[in-house]
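Residue-level structural notes
The primary structure of each chain is shown beneath.
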Amino acid sequence: MTVTEQLNIERARQYLLDQAQNRGVGLEVYALRDTATSIKAFQGEVSEFKLTARQGVGLRALVRGAWGYSFTENLSETALNRALDTAVENAELVAPEPGAGLVAWGEPPALDLYGEGLSGVKVEQKVQVALDLERVAREADPRVTSVPYGGYGDRDSETLVGNTEGLSRGFKALHAMHYSYPLVSENGQNKMQGDWQFTREFTELDPTQTALRAVEKAVALLGARPAPSGQFPAVVSGECLAELLGLFAPMFSGKMVEEGKSPLAGRLGEAVASDLVTLVDDPTLPRGLNSRAFDAEGCPSAPLTLIGAGQLGAFLHNAQTAARAGTVSTGHASRMGYQGLVGVGPSNLMLLAGDTPQAEVQAGVSGVLVTGVSGGHAGANPYTGDFSLQAEGFWLENGAVAHPLEVFTVAGNILDLLRGVQAVGDHLEWTSDGVGAPAVRVDMLAVGGS
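Residues numbered from 1 in each chain as written. Predicted model: local features only at pLDDT ≥ 70, side-chain atom pairs only at ≥ 80, totals over all residues. Heavy atoms only, no water.

Looking at an unreviewed UniProt entry, one finds the chain named TldD/PmbA family protein and attributed to Deinococcus hohokamensis.

1. Considerations on the overall build of the chain
The line we're drawing: In this description a helix means any DSSP run of H or I spanning at least four residues, a strand means any run of E spanning at least two, and both kinds are numbered starting from the N terminus. Only C-alpha atoms enter the radius of gyration; for comparison, a globular chain is expected to reach 2.2 Å times N to the power 0.38, where N is the number of residues. Under the convention used here, a 1.4 Å probe and the Shrake-Rupley method define accessible areas, while residue burial counts only the protein chains that appear. His is not counted, nor are the chain ends, whereas Lys and Arg count as positive and Asp and Glu as negative. To locate a charge, the coordinates of NZ of Lys, CZ of Arg, CG of Asp or CD of Glu are taken.
Helix and strand counts for the chain come out as 10 helices and 22 strands. Radius of gyration (C-alpha) of the chain: 24 Å, near the 22 Å computed for a compact globule of 450 residues. Counting only C-alpha atoms, the chain reaches 70 × 55 × 35 Å along its principal axes. Total accessible area on the chain is roughly 19200 Å²; 50% of this is exposed by carbon and sulfur atoms. Measuring between centres, the 32 positive side-chain charges of the chain sit 4 Å from its 52 negative side-chain charges.

2. Looking at the UniProt feature "domain: Metalloprotease TldD/E central" (unreviewed entry) in the chain
Inclusion rule: UniProt positions are given in the numbering used here, feature names are shortened, and annotations may be inferred rather than shown by experiment.
Per the UniProt record, the feature "domain: Metalloprotease TldD/E central" (unreviewed entry) sits at residues 119-222. Here residues 119-222 runs as 31% helix and 46% strand, with 42 Å between its end C-alpha atoms.

3. Concerning the UniProt feature "domain: Metalloprotease TldD/E N-terminal" (unreviewed entry) in the chain
If you check UniProt for "domain: Metalloprotease TldD/E N-terminal" (unreviewed entry), the listed places come out as residues 28-91 in our numbering. The span residues 28-91 carries 23% helix and 64% strand; its end-to-end C-alpha distance comes to 13 Å.

4. Focus on the pairing of strand S17 (residues 386-397)
The condition is simple: The pairing criterion is simple: DSSP has to find at least two bridges between the two strands.
In terms of strand pairing, strand S15 (residues 367-374) meets S17 through 7 bridges, oriented antiparallel. Its bridge partner being in S17, Gly372 is matched across the sheet by Glu392. Across 2 bridges, the pairing between strand S16 (residues 380-381) and S17 is antiparallel. Pairing of Ala380 across the sheet is with Phe387, part of S17. Taking the residues that link successive antiparallel strands as the turn, the S16-S17 hairpin has 4 residues, and the phi of Gly385 there is positive, at about 90 degrees. Summarising the sheet, S17 and strand S18 (residues 400-413) pair through 11 bridges and their orientation is antiparallel. Looking at S18, one finds that Glu397 is bridged to Ala400.

5. Re the nonpolar core
How we decide: Only buried residues count toward a nonpolar core, which is a set of Ala, Val, Leu, Ile, Met, Phe, Trp, Tyr and Cys residues joined through side-chain atoms within 4.5 Å. Categorising residues by exposure relies on relative accessible area from a 1.4 Å probe, with only protein chains included: less than 20% of the type maximum marks a residue as buried, more than 50% marks it as exposed, and the intermediate range marks it as partly exposed. Whether two residues are in contact is decided by their heavy atoms, any of which lying within 4.5 Å being enough.
The biggest cluster of nonpolar side chains holds 52 residues, and the ones touching the most others in it are Phe252, Leu351, Val370 and Val410. The leading source of residues in this core is helix H5 (residues 238-248), at 6 residues. With sequence-adjacent residues up to four places away left out, Leu351 is seen in contact with Leu241, Leu245, Val277, Thr278, Leu279, Leu418, Val424, Leu428, Gly436, Ala437 and Pro438. Listed in part, the 24 residues of the second largest apolar core include Ala130, Leu133, Phe202 and Val215.

6. Details of the packing of helix H3 (residues 123-140) against helix H4 (residues 207-220)
To keep it simple, the criterion reads: The axes are straight lines fitted to the C-alpha atoms, using for helices just the contacting stretch, and the angles between their N-to-C directions are given from 0 to 180°. The hand of a helix crossing depends on one turn: near helix anticlockwise from the far one by less than a right angle means left-handed, and clockwise means right-handed.
It is the contact of H3 with H4, at a shortest axis distance of 8 Å, that shows an interaxial angle of 35 degrees. In this structure, H3 meets H4 at a crossing whose hand is right-handed. Note on element contacts: H4 touches H3 through Pro207, Thr208, Thr210, Ala211, Leu212 and Val215, opposite Val129, Asp132, Leu133, Val136, Ala137 and Ala140.

7. What to know about helix H1 (residues 9-23)
Heads up, the rule is: To estimate the expected span of a helix, subtract one from its residue number and multiply by 1.5 Å. We define a polar contact as two N or O atoms separated by no more than 3.5 Å, with the added condition that, inside protein, one atom must be a possible hydrogen donor and the other a possible acceptor, whereas residues neighbouring each other in sequence contribute only through side-chain atom pairs.
The terminal C-alpha atoms of H1, which comprises 15 residues, lie 21 Å apart, in line with the 21 Å expected from a rise of 1.5 Å per residue. Those residues of H1 not exposed but buried are Ile9, Ala12, Arg13, Tyr15, Leu16, Leu17 and Ala20. Buried residues along H1 sit in contact with strand S1 (26-42), strand S2 (45-63), helix H2 (77-92), strand S4 (144-163) and strand S5 (168-186). Measuring from the side-chain oxygen of the N-cap residue of H1 to the backbone nitrogen of Glu10 gives 3.2 Å; that N-cap residue is Asn8. Within two residues after H1, Gly24 carries a phi angle of roughly 70 degrees, on the positive side.

8. Some remarks on the environment of Leu241
With respect to the helices and strands, the residue Leu241 is situated in helix H5. When its relative accessible area of 1% is taken as the criterion, Leu241 is described as buried. Separated by 195 residues in the primary sequence, Leu241 and Gly436 place their C-alpha atoms 8.1 Å from one another. Excluding residues within four positions of it along the chain, Leu241 makes contact with Val236, Leu351, Leu417, Ala437, Pro438 and Val440.

9. Focus on the sheet that holds strand S11 (residues 311-312)
Strand order in this open sheet of 6 strands is S11-S10-S9-S14-S21-S20, and the pairing throughout is mixed. The open sheet has two edge strands with one neighbour each: S11 and strand S20 (429-430). With 3 bridges connecting them, strand S9 (residues 279-281) and strand S14 (residues 349-351) associate as antiparallel partners. Residue pairing across strands places Asp281 opposite Leu349, the latter belonging to S14. Against the sheet, H5 contacts S9, S14, S20 and strand S21 (435-437), and its axis sits at roughly 135 degrees relative to S21.

10. Description of H5
In terms of burial, H5 is a largely internal element, 8 of the 11 residues being buried. Where H5 is concerned, the buried positions are Gly238, Glu239, Cys240, Leu241, Ala242, Leu244, Leu245 and Phe248.

11. Some thoughts on the environment of Ala20
Tracing the backbone shows Ala20 in helix H1. Aside from chain neighbours lying at most four places away, what touches Ala20 is Val25, Leu27, Leu84 and Thr164.

12. Describing the pattern of salt bridges
What counts here: The salt bridge definition used is simple: a Lys or Arg side-chain nitrogen within 4 Å of an Asp or Glu carboxyl oxygen.
Under the counting rule described, the total for this entry stands at 26 salt bridges. Two residues, Arg60 and Glu28, come together in a salt bridge whose shortest N-O distance is 3.1 Å. With a gap of 32 residues between them, Arg60 in strand S2 and Glu28 in strand S1 connect regions that are remote in the sequence. Across the pair, Glu28 and Arg60 agree in class, each one buried. In this structure, Arg33 engages Glu158 in a salt bridge whose closest nitrogen and oxygen atoms are separated by 3.4 Å.

13. As for the side chain of Ser262
Residue position: Ser262 is located in the loop between helix H6 (254-258) and S9. Within the structure, Ser262 has its side chain in polar contact with the backbone nitrogen of Leu264 (distance 3.1 Å). When neighbours within four sequence positions are excluded, Ser262 is seen to be in contact with Met251, Met256, Val257, Pro382 and Tyr383.

Quick look at the structure:
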């Protein structure tokens with residue numbers, strides 16, 4: 001073998017672990033390979049076509065209780081040896097961390113995150129999905145002026161983890177998705193809304209339905225009137241509540257709790273929400289956007305109930321935060337690719353559906369129906385749970401939609417919102433970040449109108 005010959009990620013992982021064993025170094029290897037397609041269409045033509053491929057390995061060496069990181073996309077033996085040297089040197093430069101260790105975890109669940117996937121699907125078929133999305137949306141209603149955002153994407157990935165304690169495992173995952181965000185105009189008002197679809201089977205994609213739903217959502221916002229200001233009963237749509245839960249997911253991190261940065265610290269076993277609220281993180285959902293057989297440390301995935309019938313039951317942990325908290329990992333070690341550090345993060349976070357139909361959730365409500373929020377990077381504080389966000393939605397009169405509202409502000413605290421839940425809808429809506437929730441009715445919400 002020449003020094004420039006590239007190993008595949010499986011052979012690279014084993015080579016690194018063998019080298020670390022020979023040197024008496026504790027090592028974890030996180031390897032990733034993926035290929036992706038992205039196609040966008042505008043005014044009947046393909047405006048962007050991208051094919052990308054990447055692979056690499058991330059190393060985490062453990063030297064006298066200290067972690068040292070490195071990564072490489074060059075998978076020759078020479079480059080792998082250099083990456084191992086760098087990881088060890090980095091570990092020797094930093095202080096030991098309590099709870100640091102490598103574990104040979106038990107077997108992960110058997111998940112099919114691949115299916116038939118893209119077998120036999122031609123590039124022309126993918127292009128046609130993007131073109132159909134744009135065309136159907138543009139032709140669906142004369143008030144559609146353009147479709148600025150829309151397209152098709154897919155990803156085929158393989159993730160491997162191994163360590164010098166004997167751990168060696170991997171899984172493959174595939175998904176295809178499309179999205180459409182049409183711009184509509186009427187009487188000087190411009191509104192934009194959208195819809196999307198995620199699947200692991202290309203043949204399940206329905207660009208016509210997605211485009212029509214997107215246009216329906218956008219057109220519904222036309223004719224908006226100024227929102228009033230004050231405290232009002234409210235219905236929060238499933239998609240909007242999922243957006244909020246995604247913004248505040250860090251408060252369930254064991255790392256945030258340990259650092260005193262979560263309003264839930266020290267509250268395990270307490271009632272923190274309405275008894276109608278059960279919040280679960282489940283990495284094992286066959287159709288979950290962020291499903292995985294194991295986490296970034298190789299710990300097997302399993303559903304975890306964070307809030308059960310209103311009571312705080314658990315936090316998300318990786319191996320190290322769990323050790324310091326005197327518990328066991330929940331399988332929520334996360335990494336932003338092979339370049340990233342190991343942290344803590346959710347997978348498929350969802351507030352479980354109740355048994356109340358949508359019409360009954362908003363029955364009798366005279367107040368606001370909030371369908372979306374924005375500005376979370378500045379307006380949501382996971383350290384306190386407070387939020388002040390731009391929102392869109394509708395005014396309800398005795399449970400019926402009276403008219404759409406101009407952009408307004410909603411403010412409050414996420415825990416107060418969850419404590420005020422009076423009814424929970426019977427089906428989930430998901431965000432493209434993998435957070436799901438049903439519509440809920442809450443007793444009161446602060447609204448700032450124009």
